[in-house]
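# Coordinates in review
So the chains spell out like this:
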Amino acid sequence: MKAILVAESRQGTLLPGSYETLAFAEKIVAEPVMFLVGSQASLPAFPGRLYLADADVAGEYNPEEHLRLLQEVVAKEAPQIIVFLHSSYGWDLAPRLAFALGAGQVSEVVDCQEGAMVVPACNSKLRRVVRSSGDVTVVTLQAGAFSLANEPGGSPQVELLESRHDGQVEFLAYEAGELGGVDLSKAEIVVSAGRGIGKPENLAMVEALAKALGGEYGASRPVVDAGWAEHTRQVGSTGQTVSPKLYVACGISGAIQHLAGMKKSEFVVAINTDRDAPIGEVADVLVVADLKQFLPALTARLSA
Amino acid sequence: MKILVCIKQVPDMESRFKLNAEGTWYNDQDLAWRMNEYDEYAVEQAVQLREQLGDGEIVVVSVGPDRVKEAMKKALAMGADRGVHIKDDASHEKDPFQIAAAIAAYAADEKFDVTFTGMQSQDRGSAQVGVLLAAHLGMQAVTTIIEFSHEGGMTTVHRELEGGLKAVVRVPLPALFSCQLGLNTPRYPTLPNIMKAKKKELLTLQMADLLKASALTTTDETRYPEKRGGGLVLEGDVADQVSQLMTILKEKTAVLK
Ligand SMILES: Cc1cc2nc3c(=O)[nH]c(=O)nc-3n(C[C@H](O)[C@H](O)[C@H](O)COP(=O)(O)OP(=O)(O)OC[C@H]3O[C@@H](n4cnc5c(N)ncnc54)[C@H](O)[C@@H]3O)c2cc1C
């Protein structure tokens with residue numbers, strides 16, 4: 001079996017997540033061939049064949065051109081599987097390739113078993129085992145689901161692809177996220193508010209607990225999107241990554257994108273009315289309670 | 001301008017899910033249903049675009065059994081003009097390729113200028129249907145947008161990337177955009193608009209009449225995840241929970257001074 005592994009480059013630098021595709025290829029025992037629209041100056045440590053297109057010409061976001069380049073490689077290599085990350089790059093490009101090849105796509109793979117892929121459903125409350133029926137399969141991998149046992153090493157044998165600057169979608173610029181504000185990444189204690197707080201006034205309970213514990217407060221995305229907390233307090237894949245000694249998740253369900261930002265925490269306490277909430281999977285202690293009762297009670301005890 | 005919005009009805013994610021008899025998906029009895037969260041942003045963006053332009057038509061389409069009309073009525077109450085229900089009692093057995101093919105079969109002759117979808121559904125989460133629909137229709141697609149503007153015939157969007165970075169992208173129409181959380185603030189339908197929505201056209205088409213393609217992927221089974229165990233669950237009286245948690249924090253962490 002042969003696998004095309006689609007690596008990613010952003011602002012001229014190879015994204016380390018690219019190695020997760022290599023880990024997946026090892027797991028399914030496939031011969032890996034890499035594909036990258038990137039730069040000679042930032043190549044993956046990989047001892048195999050790498051098809052490289054110059055991102056300065058093609059652009060880092062140019063789906064039509066990236067698709068054309070990938071199709072060229074697929075035609076040359078005739079792989080059985082094409083592997084992307086389930087990332088802003090991967091979920092954008094993978095279905096285009098699947099469509100062009102008439103191949104089935106399986107998204108956000110977390111595991112594989114006997115030729116089928118395991119994917120999450122319903123905010124990770126369920127797992128689905130999915131199989132593609134054709135000769136070629138396209139998959140995207142959940143970030144962090146596969147990792148290499150050893151440090152990657154070696155240098156690739158580069159095959160240059162000729163890229164063009166074609167395409168109707170015009171990339172104009174990158175825009176950085178908001179800067180400044182609180183740096184949660186250094187906090188030893190983070191108490192985060194989720195949508196379960198119900199209304200903005202209840203954020204005060206979370207802040208009060210954070211204060212009583214001598215920590216900072218953070219938030220899940222819906223709390224930030226609603227404008228109840230500033231973006232610099234958002235924990236998750238599109239916010240901050242924290243690794244405190246104690247993380248308290250208040251009214252947070254535990255979506256994978258939230259977990260991505262807090263799973264390195266040493267000790268996790270979750271307060272949730274839903275005993276089945278996926279946050280329970282990573283919590284050392286799950287307190288099944290209404291946070292409106294529990295938080296003030298805990299804060300009072302700490303301050304006593 | 002003709003605008004299409006694709007929405008899905010999904011169960012409340014706080015539900016306790018049971019499996020169906022075949023063990024291939026959740027049992028759809030006794031669940032609370034709502035519009036897929038991402039799609040609320042899609043509907044809102046369509047309504048805002050029409051408001052900005054001062055004219056235009058918004059069609060909302062949804063695939064599934066009769067109950068999905070509830071979600072469609074919400075979209076109509078938010079401001080969509082008419083609905084097209086692609087009726088399929090076994091929509092959970094269709095794969096993303098088929099769902100996109102069926103919507104494309106309907107949309108092909110309608111010549112929509114702009115299509116909005118959610119970036120993914122909360123239950124399946126494949127994040128494929130939007131991009132596949134655009135591919136079926138031979139138009140551009142840009143995924144995961146968190147800003148949308150249409151000025152002087154130009155459509156400019158911000159795509160959300162990882163870690164807070166955004167890519168600013170300009171796209172010619174017709175095009176499809178998949179909407180990410182936070183794109184806008186979805187409005188709550190007002191009572192008068194809910195009443196008005198009841199009189200809006202809601203056409204039903206049959207899946208079998210639209211879908212010719214077979215599935216490219218199939219579900220072997222759906223199951224619960226393996227519990228990683230470990231975690232302690234505290235239930236019961238709040239005062240007891242507080243005492244127990246205090247003891248645990250003292251024993252297991254160094255944060256209580
Ligand atoms: C590309 C992408 C990037 C994303 N990036 C991020 C990110 O960086 N950070 C992030 O957080 N999310 C992110 N998300 C969103 C993520 O998928 C979830 O939608 C989000 O994390 C849900 O936030 P939540 O847990 O607060 O809300 P919900 O999922 O709605 O959960 C609310 C929880 O509160 C509980 N609850 C309700 N009432 C109470 C009560 N009274 N007491 C106690 N508990 C209660 C409920 O049982 C539920 O578990 C991203 C999504 C995508 C697609």
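The coordinates are above.
Treat the numbers as computed from the prediction; the structure is a model and nothing was measured. (Residues numbered from 1 in each chain as written. Chains lettered and ligands numbered in written order. Predicted model: local features only at pLDDT ≥ 70, side-chain atom pairs only at ≥ 80, totals over all residues. Heavy atoms only, no water.)

### Considerations on the sheet that holds strand 10 (residues 126-132) of chain A
What counts here: Only strands that DSSP links by at least two bridges are regarded as paired with each other. Going along the chain from the N terminus, every DSSP run of H or I of four or more residues is numbered as a helix, and every run of E of two or more is numbered as a strand. To get an axis, fit a line to the C-alpha atoms, keeping to the stretch in contact for a helix; angles then go from 0 to 180 degrees between the N-to-C directions.
Spatially, four strands are ordered 8(A)-9(A)-10(A)-12(B) in an open sheet, and the strand pairing comes out antiparallel. Of all strands in the sheet, those bounded by a partner on one side alone are strand 8 (111-113) of chain A together with strand 12 (217-223) of chain B. Looking at each pair of strands side by side, their axes are set apart by 35 degrees on average, direction ignored. The sheet contact formed by strand 8 of chain A and strand 9 (residues 116-121) of chain A spans three bridges and is antiparallel. If you follow Cys 112 of chain A over to strand 9 of chain A, its bridge partner there is Met 117 of chain A.

### Brief notes about the nonpolar core
Short version of the rule: The term nonpolar core refers to a set of buried residues drawn from Ala, Val, Leu, Ile, Met, Phe, Trp, Tyr and Cys, joined through side-chain atoms within 4.5 Å. Buried, partly exposed and exposed residues are distinguished by accessible area as a fraction of the type maximum, computed with a 1.4 Å probe on protein chains only: under 20%, between the cut-offs, and over 50%, respectively. Pairs of residues are marked as contacts when any of their non-hydrogen atoms sit within 4.5 Å.
Formed by 43 residues in total, the largest nonpolar core has its most connected members in Ile 7, Phe 116, Val 142 and Phe 177 of chain B. The element best represented in this core is helix 1 (residues 37-53) of chain B, accounting for seven residues. Dropping the residues within four chain positions of it, Phe 177 of chain B is found in contact with Val 114, Thr 115, Phe 116, Thr 117, Val 142, Ile 145, Phe 148, Thr 155, Val 157 and Val 171 of chain B. Grouped together as the second largest cluster of nonpolar side chains are 31 residues, Ile 189, Leu 246 and Cys 250 of chain A together with Leu 234 of chain B included.

### Quick look at the side chain of Ser 121 of chain B
Residue and element names in this part refer to chain B. For the record, the criterion: Counted as a polar contact is a pair of N or O atoms within 3.5 Å, where, for protein atoms, one must be capable of donating a hydrogen and the other of accepting one, and residues adjacent in sequence contribute only when both atoms are in side chains.
Its place among the elements puts Ser 121 in the loop between strand 6 (114-118) and helix 4 (129-137). For Ser 121, the side chain forms a polar contact with the main-chain nitrogen of Arg 124, separated by 3.3 Å. Aside from chain neighbours lying at most four places away, what touches Ser 121 is Lys 8 and Asn 36.

### Focus: unusual backbone geometry
Residue and element names in this part refer to chain B. Backbone torsion omega between Leu 173 and Pro 174 reads 0 degrees, so that peptide bond is classified as cis. In this fold, Pro 174 is placed in the loop between strand 9 (166-171) and strand 10 (175-179). With phi around 55 degrees, Ala 127 is a residue other than glycine that occupies positive phi space.

### Here's the deal with the site of the ligand
The condition that has to hold: One heavy atom suffices: a residue is near a molecule or strand as soon as one of its heavy atoms comes within 4 Å of it. Each accessible area is a Shrake-Rupley estimate made with a 1.4 Å probe; only the visible protein chains count as cover when residues are assessed. Gly counts as polar in this scheme, as do all residues outside two lists: the nonpolar Ala, Val, Leu, Ile, Met, Phe, Trp, Tyr, Cys and Pro, and the charged Asp, Glu, Lys and Arg.
By nearness alone, 33 residues border the ligand, and Ser 220, Thr 238, Ser 253, Gln 257 and Asn 272 of chain A come closest of all. Near the ligand, the surrounding residues are drawn from chains A and B. Contact between the ligand and Gln 234 of chain A: an oxygen atom at 2.8 Å from a side-chain N or O atom of the residue. Within the side chain of Asn 272 of chain A, an N or O atom sits 2.6 Å from an oxygen atom of the ligand. For the ligand, whose unbound accessible area comes to 980 Å², protein coverage reaches 92%. Those elements that place two or more of their residues in the shell around the ligand are helix 6 (221-225), helix 7 (256-262), strand 17 (267-272) and helix 8 (291-303) of chain A. Grouping the amino acids of the shell around the ligand by side-chain chemistry returns 11 nonpolar, 16 polar and six charged.

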